[in-house]
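Below are the chains, spelled out letter by letter.
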Amino acid sequence: MHHTKSAPTALSPINPHVPDTLRHAFASFATGVTVITALDEHGAPVGMTANSFGSVSLEPPLVQWSLRVNSGLHRIFVDATHFSVSVLAAHQTHIARQFASRAPDRFVDIALHETKGEPPLIRGALAYFVCKKVAVHRIGDHELFVGEVLRASAHEGTPLLFHGSKFIASR
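Heads up: these notes are all about the structure in this document. Quick caveat: nothing in here was measured; it's all calculated off a predicted structure.

## Section: the overall build of the protein
Scanning the protein from N- to C-terminus turns up three helices and 12 strands. Only carbon and sulfur atoms are counted for the fraction: they give 57% of the accessible area of the protein, which is about 10900 Å².

Now the structure itself:
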């Protein structure tokens with residue numbers, strides 16, 4: 001086996017205070033894609049696509065995600081006591097796009113798992129987390145939400161990824 005050494009490439013410095021260049025650097029990190037849901041003050045479901053989701057702790061079981069403070073859904077998620085997370089599968093790109101849109105009802109034609117009094121879950125997702133919100137922290141231009149996982153499940157399948165500011169149906 002023949003190995004060749006490639007010359008190191010110089011990294012162009014990125015000014016972290018120039019949003020477009022920083023956004024491009026952040027987009028280099030591939031993430032999974034989720035739909036986060038909650039119930040508004042009237043019990044109606046709201047939802048959005050997020051790729052900021054991640055685990056925090058196993059004991060206690062905690063997860064986190066973040067939302068821009070100028071989002072139209074910001075106040076609803078801040079006021080909600082619970083949220084649910086559906087980790088999308090590769091075949092669910094259309095769902096990611098629909099929940100990332102500004103459609104007035106993002107749940108139109110979406111198959112759900114619904115439990116009375118809980119935020120809905122997206123049917124066919126790879127994993128589900130139903131969470132009690134335990135902390136909200138304003139960090140920069142985002143609100144960071146931390147939830148205690150009350151129930152979770154995982155299923156076999158291929159994940160939907162987000163990389164380079166695009167959805168990628170991995171293989």
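## Some points on unusual backbone geometry
Looking along the chain, the bond that leaves Glu-59 and enters Pro-60 is cis, with omega of -5 degrees. With respect to the helices and strands, the residue Pro-60 is situated in the loop between β4 (54-57) and β5 (62-68).

## Considering the pairing of strand β2 (residues 34-39)
Within β2, five of the six residues are buried, which leaves it mostly tucked inside the rest of the structure. Summarising the sheet, β2 and strand β3 (residues 45-50) pair through six bridges and their orientation is antiparallel. In the strand pairing of β3, Thr-37 is matched with Gly-47. Counted along the chain from β2 to the antiparallel partner β3, the turn is five residues long, and its residue Gly-43 has a positive phi close to 85 degrees. Pairing of β2 with strand β6 (residues 82-87), which is carried by four bridges, proceeds in the antiparallel orientation. Looking at β6, one finds that Thr-34 is bridged to Val-87.

## As for the packing of aromatic side chains
Scanning the model with the defined rule gives six aromatic pairs in all. Taking 5.3 Å as the distance between ring centres and 45 degrees as the angle between the ring planes, the aromatic pair formed by Phe-53 and Phe-129 counts as tilted. Of this pair, Phe-53 sits in the loop between β3 and β4 while Phe-129 sits in strand β9 (residues 127-139), and the two are 76 residues apart along the sequence. Its relative accessible area of 22% is what places Phe-53 among the partly exposed residues. Judged by centre distance (4.5 Å) and plane angle (15 degrees), the ring pair of Trp-65 and Phe-145 falls under stacked. Highlighted residues: Trp-65 in strand β5 and Phe-145 in strand β10 (residues 142-154), separated in sequence by 80 residues. Here the two residues Trp-65 and Phe-145 agree in accessibility, since each one is buried. Three or more aromatic residues joined by ring pairs form one cluster here, namely Trp-65, Phe-77, Phe-83 and Phe-145.

What counts, and where the lines are drawn
Residues numbered from 1 in each chain as written. Predicted model: local features only at pLDDT ≥ 70, side-chain atom pairs only at ≥ 80, totals over all residues. Heavy atoms only, no water. Helix = DSSP H or I, 4+ residues; strand = E, 2+ residues; numbered from the N terminus. Areas by Shrake-Rupley, 256 points an atom, 1.4 Å probe, with all protein chains shown as cover. Buried < 20%, exposed > 50% of the residue type's maximum accessible area, 1.4 Å probe, protein only. Pairing = 2+ DSSP bridges. Phe/Tyr/Trp six-rings, centres within 6.5 Å; stacked < 30°, edge-to-face > 60°.

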